[in-house]
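Structural characterization, general
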Amino acid sequence: MTLRNTWLLARGFHAPVCGAVEVLEDVLIAIGAGGFIADVVYPNEERFGALKSEAEQQGILEKLPDGGYLLPGFVDCHVHAPQYPQLGSALDVPLEVWLHRYTFPLEARFADLSYARRAYDLLVTDLLSNGTTTALYFATIHQEATRLLADICLSKGQRALVGKVAMDHPENCPDYYRDASPEAAIEGTRALIDYIFAHPVNGEGLVKPVITPRFIPACTDAALEGLGRLAQECGCHVQTHCSESDWEHGYVLDRHGMTDAASLDRFGLLGRKTMLAHSNFLTPSDMELMKVREAAVAHCPLSNAFFAGAVFPLRAALEKGLHVGLGTDISGGPSASMFEASRNAITVSRMLETGVDPEKPAAERASGQPARIDFRQAFHVATAGGAKALDLPVGQFAPGYAFDAILIDCHAPGGTIRLWDEAETGDDLLQRIIFTASKGNIAKVWVAGREVAGTHATA
Ligand code: GUN
Ligand code: FE
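Keep in mind that this is a model prediction, so the values were computed, not measured.

1. Some thoughts on the packing of helix H5 (residues 182–197) against helix H6 (residues 221–234)
- In the contact formed by H5 and H6, the axes pass within 8 Å of each other and the chain directions differ by 25 degrees. As the angle between them shows, H5 and H6 are arranged roughly parallel. In the crossing of H5 with H6, the sense of the turn from one axis to the other is right-handed. In contact with Pro-182, Ala-185, Ile-186, Thr-189, Arg-190 and Ile-193 of H5, H6 contributes Ala-222, Ala-223, Gly-226, Leu-227, Leu-230, Glu-233 and Cys-234.

Quick look at the structure:
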């Protein structure tokens, strides 16, 4: 069911401000022809009754079923699309070994378009069913397969930012999977940008291009310089990995004599539309610099458990006012679910606060800093926070924002939410949803008012 030119009578939750959840009780949401929210009317407003009956009379009022709650769709700020075929495997070695042993050989296979189609079709379908309405994708170095990923997002209706991976460093990238030169990395990136902007079915700008140097170790300075110039020229989004692991952070310190964030900044790659994945080892001055540049972190809690050996201090970053989104980091993080990413963000924040070594007495074990976040902050970062980080008008139910939303069915027998006799109300219910929902509870998914997935899909 497309919800364009419709009034929706809905209950649900959103979190435009970090730490505060707004409970929406029977609000009227007007969705316009372009899939944008034109109006949100609360029951305590005088005009509510008249607007509701008018919409009813015109036959354009949609009501949510009992047990149905609306949430903003998830914004996954870090996904490696070509790594979907290895989701849940290859988790046994450190990052630098993992890349060469498993990941580069896998990504190299995307020279084959039929393999790419199989993987990308399934990934986009699965992410939409999991409630991810916006995804920020790393693709591969290949022009054709990366264009195909953009095509598939457009045809399935997922809001997406797609980057051709740039990686040209002959010492750190294998011969079989590397841009032939800095120029190839830069011109390939430019070609993808042109393709997406000129795409005949991308008139609404659902898919955007992203300048994507893989990470500093994979790129020559010439490539980084050229990509930085391109970013200044076109104003596009930028994404890369930043200070992810001890090895990676140390490599950049050795090669450039400064941290990832500082080095990216001198290349012109740190701006309002930059998303730095992981960023676990940011120094206080990196954080300050990112705040000034209004650049964002994609926090990937599950992946960090396998490849970083550290927990990103999410709470400190939020308190500092940094833009932060949440990422699955498929397949460094072996889950495609942003519900799971939210739960993992909560869990690791607790461990960061308490410490984890049982050999130590509690006082010594603890980090000494308040580090925990709860479901409210996790929900914000997974939705409105990620959207703001990407400078996209999604992630909340307010006029001017696109209607990107999911309908949670709390009673779905094939789901995992179990409500007991006591009436669940207020944000306690959201807590239940965040901690126990799964794909089986996602009844409908809309992007820009278009129904694109869900167990109760009617489109
Ligand atoms: N650093 C460079 N490439 C990658 C990647 O594919 N995944 C992760 N987690 N880190 C990276
Ligand atoms: Fe990654």
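2. Quick word on the pattern of salt bridges
- According to the stated counting rule, one finds 21 salt bridges in the structure shown.
- As a salt-bridge pair, Asp-265 and Arg-293 come within 2.6 Å of each other at their nearest N and O atoms. In this pair, Asp-265 is assigned in helix H8 (residues 260–266) and Arg-293 in helix H9 (residues 284–293), connecting sequence segments 28 residues apart.
- Owing to a relative accessible area of 19%, Asp-265 belongs among the buried residues under this scheme.
- Given a relative accessible area of 32%, Arg-293 falls into the partly exposed group.
- Within the structure, one salt-bridge network assembled from shared partners comprises Arg-4, Glu-204 and Arg-450.

3. Brief notes about the packing of helix H14 (residues 375–389) against helix H15 (residues 426–436)
- Here H14 crosses H15 at 65 degrees, and the two axes come no closer than 10 Å. Viewed along their axes, H14 and H15 adopt a mutual orientation that is roughly perpendicular. Crossing handedness for the pair H14 and H15: left-handed. Here Phe-375, Arg-376 and Phe-379 of H14 come into contact with H15, specifically with Asp-427, Leu-430, Gln-431, Ile-434 and Phe-435.
- Here the residues of the contact of H14 with H15 are counted per class, giving five nonpolar, one polar and two charged.

4. What to know about H15
- Looking only at H15, the buried set comprises Leu-429, Leu-430, Ile-433 and Ile-434. Each buried residue of H15 sits inside an arc of 140 degrees when the element is viewed along its axis, so together they form one side.
- Packed against the buried residues of H15 are strand S1 (6–14), strand S5 (68–72), helix H12 (338–354), H14 and strand S15 (405–409).

5. Some thoughts on helix H1 (residues 48–57)
- For H1, the complete set of buried residues consists of Phe-48, Leu-51 and Ala-55. Taken around the axis of H1, the buried residues stretch over an arc of 75 degrees, which confines them to a single face. Facing away from the buried side of H1 by more than 90 degrees, the exposed set consists of Ala-50 and Gln-57.
- Buried residues along H1 sit against S1, strand S2 (22–31), strand S3 (37–41) and strand S4 (61–63).
- Trailing H1 by a residue or two, Gly-59 shows a phi angle of about 70 degrees, which is positive.

6. Digging into the site of ligand 1
- Neighbouring ligand 1 are the residues His-80, Gln-83, Leu-95, Trp-98, Leu-99, Arg-214, Phe-215, His-241, Glu-244, His-278 and Asp-329.
- Here His-241 contributes a side-chain N or O atom positioned 3.4 Å from a nitrogen atom of ligand 1.
- With three residues, helix H2 (residues 95–108) is the largest single contributor of residues to the shell around ligand 1.
- Here the shell around ligand 1 is built from residues that sort into four nonpolar, four polar and three charged.

7. Describing the pairing of S5
- Among the five residues of S5, five are classified as buried, and the element is accordingly described as predominantly covered.
- The alternating pattern of S5 places Gly-68, Leu-70 and Pro-72 and Tyr-69 and Leu-71 on opposite faces, both of which are buried.
- The sheet contact formed by S5 and S15 spans five bridges and is antiparallel. Bridge pairing in S15 places Pro-72 opposite Ala-405.

8. A few points about the nonpolar core
- Counting residues in each nonpolar core, the largest one holds 98 residues, and the members touching the most others are Tyr-137, Phe-339 and Ile-433.
- Setting aside chain neighbours within four positions, we find Ile-433 in contact with Phe-13, Tyr-69, Leu-71, Phe-339, Arg-343, Ile-408, Cys-410 and Ile-417.

9. A look at the side chain of Thr-383
- When you line up the elements, Thr-383 lands in helix H14.
- Take Thr-383: its relative accessible area is 0%, and that puts it in the buried class.

10. With respect to the coordination of the iron ion (ligand 2)
- Distances from the iron ion (ligand 2) to its protein donors, namely His-78 (NE2), His-80 (NE2), His-241 (NE2) and Asp-329 (OD), fall within the range 2.0 to 2.4 Å.
- Coordination at the iron ion (ligand 2) is irregular: its four donor atoms span angles of 86 to 178 degrees at the metal.
- Each donor residue of the iron ion (ligand 2) lies on the same chain, and together they follow the pattern H-x1-H-x160-H-x87-D. Linking His-78 in strand S6 (residues 74–80) with His-241 in strand S11 (residues 237–242), this pair joins segments that are 163 residues apart in sequence.

11. As for the side chain of His-78
- Looking at His-78, the relative accessible area reads 1%, which means it is buried.
- A distance of 3.1 Å separates polar atoms of two side chains, one belonging to His-78 and the other to His-241.
- Aside from chain neighbours lying at most four places away, what touches His-78 is Leu-136, Phe-138, His-241, Ala-277, His-278, Ala-298, Cys-300, Leu-326, Gly-327, Thr-328, Asp-329 and Ile-330.

12. Things to note about the packing of aromatic side chains
- Tallying each qualifying case throughout the model produces ten aromatic pairs.
- Ring centres of Phe-110 and Tyr-115 lie 5.2 Å apart, and the angle between their planes is 75 degrees; on these two criteria the pair is classed as edge-to-face. With respect to class, Phe-110 is no different from Tyr-115; both count as buried.
- Centre to centre, the rings of Phe-110 and Tyr-120 are 5.1 Å apart; their planes meet at 35 degrees, and the pair counts as tilted. Of this pair, Phe-110 sits in the loop between H2 and helix H3 (113–129) while Tyr-120 sits in helix H3; the two residues are ten residues apart in sequence, bridging distant segments of the chain. Just as Phe-110 is buried, Tyr-120 falls in that class too.
- Among the aromatic residues, those joined into a cluster by ring pairs are Phe-110, Tyr-115 and Tyr-120.
- When the ring centre of Tyr-69 is taken as origin, the NZ or CZ atom of Arg-11, which lies over that ring, is 5.7 Å away.
- The positively charged end of Arg-109 is found above the aromatic ring belonging to Tyr-115, 3.9 Å away from the centroid.

What counts and what doesn't
- Residues numbered from 1 in each chain as written.
- Chains lettered and ligands numbered in written order.
- Predicted model: local features only at pLDDT ≥ 70, side-chain atom pairs only at ≥ 80, totals over all residues.
- Heavy atoms only, no water.
- Axes fitted to C-alpha atoms, helices over the stretch in contact; angles between N-to-C directions.
- Helix = DSSP H or I, 4+ residues; strand = E, 2+ residues; numbered from the N terminus.
- Parallel < 35°, antiparallel > 145°, perpendicular 65-115°, else oblique.
- Left-handed = near helix turned anticlockwise from the far one by under 90°.
- Contact = heavy atoms within 4.5 Å.
- Salt bridge = Lys/Arg side-chain N within 4 Å of Asp/Glu carboxyl O.
- Buried < 20%, exposed > 50% of the residue type's maximum accessible area, 1.4 Å probe, protein only.
- Nonpolar A, V, L, I, M, F, W, Y, C, P; charged D, E, K, R; others polar.
- Arc of directions from axis to C-beta.
- Near = heavy atom within 4 Å.
- Polar contact = N/O pair within 3.5 Å; in protein donor to acceptor, adjacent residues only side chain to side chain.
- Pairing = 2+ DSSP bridges.
- Core = buried A, V, L, I, M, F, W, Y, C linked by side-chain atoms within 4.5 Å.
- Donors = N, O, S within 2.8 Å, 3.2 Å for Na, K, Ca; no water.
- Tetrahedral: all angles 85-135°; square planar, octahedral: opposite > 155°, others 65-115°.
- Phe/Tyr/Trp six-rings, centres within 6.5 Å; stacked < 30°, edge-to-face > 60°.
- Lys NZ or Arg CZ within 6 Å of the ring centre and 35° of its normal.

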